[in-house]
Amino acid sequence: EDDFQFILCDGCRKELPNLKLLSCLHTLCLDCLSENKPIGQCPLCRTAIPQASGIPNMDNLLFTNLQARLEIYKKIVGGVDLFCDNCKKAGEFWCSECKEFLCTRCFEAHQRYLKMESHKAMRVIDIRAGSFKDFLKGTGKTSNLSCSDPTHKSQIVSIYCKKCKRALCCICALLDSHHAHFCDIRSETQRRQEELGALSQELKPKRSGFEATYAGLKDEAARLERVQQEMREVIRQRVEQLVGLIRQEEEELLGLVEAGQEQGRRELSRELERVEGVLRRMEAGERLVEKMNLYATEQEVMDMQPFVKDSLEELLQLPVAGDRTQPGDLTECRARLQAL
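As a starting point, this report considers the structure included with it. Predicted, not measured: the structure shown is a model, and the values here were computed from it. Residues take numbers from 1 onward in each chain, read along the sequence in its written order. Totals for whole chains, interfaces and linings use all residues, but because this is a predicted model, local features are given only for residues with pLDDT of at least 70 and pairs of side-chain atoms are given and counted only at 80 or more. Side-chain metrics rest on all non-hydrogen atoms present in the structure, leaving aside hydrogens and water.

## What about unusual backbone geometry?
Comment: phi is negative for the bulk of residues other than glycine, and the bulk of peptide bonds are trans.
So, point 1. Unusually for a residue other than glycine, Asn 18 sits at a positive phi of about 55 degrees.
So, point 2. Secondary structure follows DSSP: runs of H or I at least 4 residues long count as helices, runs of E at least 2 residues long count as strands, and numbering of each begins at the N terminus. Relative to the helices and strands, Asn 18 is located in the segment before β1 (20–21).

## Some details on the packing of aromatic side chains
So, point 1. What counts as a ring pair is set by centres within 6.5 Å for rings of Phe, Tyr and Trp (its six-membered ring), and what kind of pair is set by the plane angle: stacked under 30 degrees, edge-to-face over 60, tilted for all other angles. Going through the model one piece at a time under the given rule, you end up with 3 aromatic pairs.
So, point 2. For the pair Phe 6 and Phe 63, a centre-to-centre distance of 5.4 Å together with 65 degrees between the ring planes defines the contact as edge-to-face. Of this pair, Phe 6 sits in the segment before β1 while Phe 63 is found in helix α2 (residues 61–78), placing the two residues 57 residues apart along the sequence. Note on accessibility: Phe 6 and Phe 63 belong to one class, buried.
So, point 3. Considering the side-chain rings of Phe 6 and Tyr 295, the 6.1 Å spacing of their centres and the 15 degrees angle between planes classify their relative orientation as stacked. Of this pair, Phe 6 sits in the segment before β1 while Tyr 295 sits in helix α8 (residues 247–295), and the two are 289 residues apart along the sequence. Comparing Phe 6 with Tyr 295 shows no difference in burial state: the two are buried.
So, point 4. Of the aromatic side chains, those joined through ring pairs into one cluster are Phe 6, Phe 63 and Tyr 295. Whether a residue is buried, partly exposed or exposed follows from its accessible area with a 1.4 Å probe, protein chains only, as a fraction of its type maximum: under 20%, in between, or over 50%, in that order.

## Description of the environment of Arg 280
So, point 1. For Arg 280, the location among the structural elements is in helix α8.
So, point 2. Here Arg 280 falls in the partly exposed class, since its relative accessible area comes to 31%.
So, point 3. It is 8.3 Å that separates the C-alpha atoms of Arg 280 and His 26, two residues lying 254 residues apart in sequence.

## Description of the pattern of salt bridges
So, point 1. We count a salt bridge whenever a side-chain nitrogen from Lys or Arg sits within 4 Å of a carboxyl oxygen from Asp or Glu. According to the stated counting rule, one finds 20 salt bridges in the structure shown.
So, point 2. Between Asp 10 and Arg 287 there is a salt bridge, with its nearest N and O atoms 3.4 Å apart. One end of the pair, Asp 10, is in the segment before β1; the other, Arg 287, is in helix α8, and 277 residues separate them in sequence.
So, point 3. In this structure, Arg 281 engages Glu 314 in a salt bridge whose closest nitrogen and oxygen atoms are separated by 3.5 Å. Taken together, the residues Arg 281 in helix α8 and Glu 314 in helix α9 (residues 298–317) connect sequence positions 33 residues apart.
So, point 4. Residue Arg 281 is classed as buried on the basis of its relative accessible area, which comes to 5%.
So, point 5. A relative accessible area of 39% means that Glu 314 is categorised as partly exposed.
So, point 6. Several salt bridges converge on common partners, so that one network encompasses Arg 46, Glu 273, Glu 276 and Arg 280.

## Some points on the nonpolar core
So, point 1. To define a nonpolar core, start from buried Ala, Val, Leu, Ile, Met, Phe, Trp, Tyr and Cys residues and group those joined through side-chain atoms within 4.5 Å. Of all hydrophobic cores here, the largest spans 58 residues; its most connected members are Leu 62, Phe 135, Leu 288, Met 292, Met 304, Val 308 and Leu 312.
So, point 2. Among the secondary structure elements, those contributing two or more residues to this core are α1 (30–35), α2, α4 (124–129), α5 (132–139), α7 (185–240), α8 and α9.
So, point 3. Among the elements that make up this core, the one with the highest residue count is α8 (11 residues).
So, point 4. Should any heavy atoms of two residues lie within 4.5 Å, those residues are considered in contact. Beyond its immediate sequence surroundings of up to four residues, Leu 288 is in contact with Leu 21, Leu 25, Asn 60, Leu 62, Phe 63, Met 304 and Val 308.
So, point 5. Listed in part, the 10 residues of the second largest apolar core include Tyr 160, Leu 168, Cys 183 and Ile 185.

## Here's the deal with the packing of α7 against α9
So, point 1. Direction vectors running N to C along α7 and α9 enclose 25 degrees, while the axes themselves pass 10 Å from each other. Taken as axis vectors, α7 and α9 run roughly parallel relative to one another. As α7 packs across α9, the resulting crossing turns out to be left-handed. Within the contact between the two elements, α7 uses Ile 185, Arg 186, Glu 188, Thr 189, Arg 192, Gln 193, Glu 195, Leu 196, Leu 199, Glu 202, Leu 203 and Lys 206 and α9 uses Glu 298, Val 301, Met 302, Gln 305, Pro 306, Val 308, Lys 309, Leu 312, Glu 313, Leu 315, Leu 316 and Gln 317.
So, point 2. Only Asp, Glu, Lys and Arg are considered charged, only Ala, Val, Leu, Ile, Met, Phe, Trp, Tyr, Cys and Pro nonpolar, and every remaining residue, Gly among them, polar. Each residue belonging to the contact of α7 with α9 can be placed in one class, and the counts come to 11 nonpolar, 4 polar and 9 charged. Axis angles are defined between N-to-C directions and span 0 to 180 degrees, where every axis is a line fitted to C-alpha atoms and, for a helix, only to the segment in contact. These descriptions rest on fixed angle ranges, namely under 35 degrees for roughly parallel, over 145 for roughly antiparallel, 65 to 115 for roughly perpendicular, and the rest for oblique. Handedness of a crossing is defined here by the sense of rotation of the near helix relative to the far one, left-handed for an anticlockwise turn of less than a right angle and right-handed for a clockwise turn.

## Section: the sheet that holds strand β5 (residues 121–123)
Whether parallel or antiparallel, the strands of a sheet pair through hydrogen bonds between backbone atoms.
So, point 1. Only strands that DSSP links by at least two bridges are regarded as paired with each other. One open sheet accounts for 3 strands, arranged β4-β3-β5; its pairing is antiparallel. With partners counted over all chains shown, the strands left at the sheet margins are β4 (100–102) and β5, one partner each. Put simply, the sheet's adjacent strands are angled 30 degrees from each other on average, direction ignored.
So, point 2. Of the pairings in the sheet, the one linking strand β3 (residues 93–95) to β5 comprises 3 bridges and is antiparallel in character. Across the sheet, residue Phe 93 finds its bridge partner in β5, namely Arg 123.
So, point 3. Contacting β3, β4 and β5, helix α3 (residues 104–113) crosses the sheet at an angle of about 110 degrees to β4.

Any functional reading would require information beyond the geometric quantities listed.
Laid out in structure tokens, this is it:
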């Protein structure tokens, strides 16, 4: 669906696994990162990639997991090889917690034995009748966080320790005296979502400032081009009125104009690239926060929020307009032309 084109790689626009989240909040696949490795910058906004390998450490868990759910949805809609994962009969139900297809008999056993685990199995026929968004509503918010203690993997994590900033199961919270200042994990997840949303809203006026600066820089570049063309035309008209002995003076004046404007063009070009890159980073940040708010699981929010938050806060510290020196006003050129 068009609404889910955002899960593609920002570089090659392909649906690929192992998507990486850059500090500029663009998402690229390993192929695009490998091609860009000698440069060490994001190919979209030219933000430096801090890792020496050129491959960021942060996975875009949201996009990768959405791709996996999309593949399941396509398989269900296509109706090919839908067999029960237990007895290999026709699969008529899908459990998003077990990630298994179930026949009617296995579904009844599943509901009987796992009725206390809040497993929600959906009918395959109902999934086909709905859209991918409907499928996500039934699967996107069901995954549980896992306890960091390997001996407690079977425990449901529902507590967040503000002191050590990680999710805990009840056993960890009760037996480990080092933990303190607990809160409900859902409250912490909601707080993190709201924090990202607030940062995204705070970026909007900042983005308006960058957009205004970008437009001003483009106007300035166009003005410089017009000034250069006008001066070149004046020089040619005046020089053409003179005899051949002053043709050398014509070339010197043209060279002076070019030299006087080259620095201004280079500075404007660098500033345009910087502002364009920041705007792309902001757009990527707003899009990621929006999609996290709509589709991210609690695990994805807990894993990705600190990284995304740091990147958004870094954007907030960027100045709207950089320091620029004004290009020359061609005074020397005009004086020499008048003397000629």
